[in-house]
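Working through the structure, step by step
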Amino acid sequence: MTEKDNLTGSISDRDAWDRTSGAATAGKSGAAIDKLKSSASDALGDLKDAAAAVSTDARGYAGGVAADAAGAFKEAVETNKTAGADAIANIAHSVKEAADGIEQKSPQVASIVRSAAEGVERISTDIRDRNVGELVDSVTKFAQRQPAAFFGIGILAGIVLTRFMRNSNS
């Protein structure tokens with residue numbers, strides 16, 4: 001073979017090799033792209049599953065926190081309700097003692113005061129025995145039926161509480 005044939009042969013061999021190599025490389029690139037797509041799809045699926053799990057866990061945690069907060073709030077309201085009922089019972093007891101003190105001077109007034117004190121005791125017991133929702137419902141219904149009486153009781157209660165607070169601070 002001449003040098004030119006060697007050179008041409010080399011070029012022809014190289015072209016054939018490049019075509020074969022290009023086809024193989026293209027095949028490998030296509031396979032690599034398919035593998036990359038598959039990996040990306042799998043990663044996206046795993047990411048979606050992880051996000052769903054985190055979302056479920058977050059909802060569960062938030063629900064647990066909300067339930068704990070609601071329980072603590074309910075417990076605090078019940079404690080304050082009981083303390084309020086006790087304070088009302090103490091007021092009723094004091095009013096009864098006052099009625100006993102005026103019994104000899106004015107039996108009719110003492111009877112009226114004692115009846116009022118017994119009514120206050122019934123309210124105290126009612127507050128203690130009912131839950132907060134029932135109490136709010138009862139007060140709302142009373143306010144709708146007797147708005148003037150509700151307003152008057154509110155003013156009277158404010159005056160009594162103010163006097164009571166002033167006396168307890170002194």
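Residues numbered from 1 in each chain as written. Predicted model: local features only at pLDDT ≥ 70, side-chain atom pairs only at ≥ 80, totals over all residues. Heavy atoms only, no water.

1. Observations concerning the packing of helix α3 (residues 132–145) against helix α4 (residues 147–169)
- Put simply, α3 and α4 touch, their axes get as near as 5 Å, and they point 120 degrees apart. Overall, the two elements α3 and α4 adopt an arrangement that is oblique. Residue-level contacts link V139, F142, A143, Q144 and R145 of α3 to P147, A149, F150 and I153 of α4.
- Among the residues forming the contact of α3 with α4, the class breakdown is seven nonpolar, one polar and one charged. (Axes fitted to C-alpha atoms, helices over the stretch in contact; angles between N-to-C directions. Helix = DSSP H or I, 4+ residues; strand = E, 2+ residues; numbered from the N terminus. Parallel < 35°, antiparallel > 145°, perpendicular 65-115°, else oblique. Contact = heavy atoms within 4.5 Å. Nonpolar A, V, L, I, M, F, W, Y, C, P; charged D, E, K, R; others polar.)

2. Details of the side chain of K81
- Position of K81 relative to the elements: it lies in helix α1 (residues 3–102).
- Under the relative-accessibility criterion, K81 is labelled buried at 10%.
- At a separation of 3.2 Å, a polar atom in the side chain of K81 contacts the main-chain carbonyl oxygen of I127.
- A distance of 3.3 Å separates the side chain of K81 from the backbone oxygen of R128, its partner in a polar contact. (Buried < 20%, exposed > 50% of the residue type's maximum accessible area, 1.4 Å probe, protein only. Polar contact = N/O pair within 3.5 Å; in protein donor to acceptor, adjacent residues only side chain to side chain.)

3. Quick word on the confidence of the model for the chain
- Confidence in the prediction of the chain, expressed as mean pLDDT, is 78, and 84% of residues score 70 or more.
- No element of the chain has a lower mean pLDDT than α1, at 74, and none a higher one than helix α2 (residues 107–129), at 87.
- Low pLDDT (under 50) marks residues 4–9, which in the prediction has two contacts with non-local residues, meaning those over four places away or in another chain. (pLDDT = per-residue confidence, 0-100.)

4. Here we look at a nonpolar patch on the surface
- Taken together, the side chains of F151, I155 and I159 make up a nonpolar region of the molecular surface, amounting to roughly 320 Å² of accessible area.
- When you line up the elements, F151 lands in helix α4.
- The class for F151 is exposed, based on a relative accessible area of 58%. (Patch = residues over 30% accessible without salt bridge, like charges linked within 9 Å, V, L, I, M, F, W, Y side chains within 5 Å. Areas by Shrake-Rupley, 256 points an atom, 1.4 Å probe, with all protein chains shown as cover. Salt bridge = Lys/Arg side-chain N within 4 Å of Asp/Glu carboxyl O.)

5. Re the environment of G119
- Looking at the secondary structure, you find G119 in helix α2.
- Considering only alpha carbons, one finds G119 and A92, 27 residues apart in sequence, at a separation of 8.3 Å.

6. A look at the pattern of salt bridges
- In the structure shown here, the tally under the stated rule is six salt bridges.
- A salt bridge links E121 to K96; the shortest N-O distance between them is 2.7 Å. Taken together, the positions of E121 in helix α2 and K96 in helix α1 put the pair 25 residues apart, joining distant regions of the chain.
- One salt bridge connects D126 with R130, and the closest N-O pair in it is separated by 3.1 Å.

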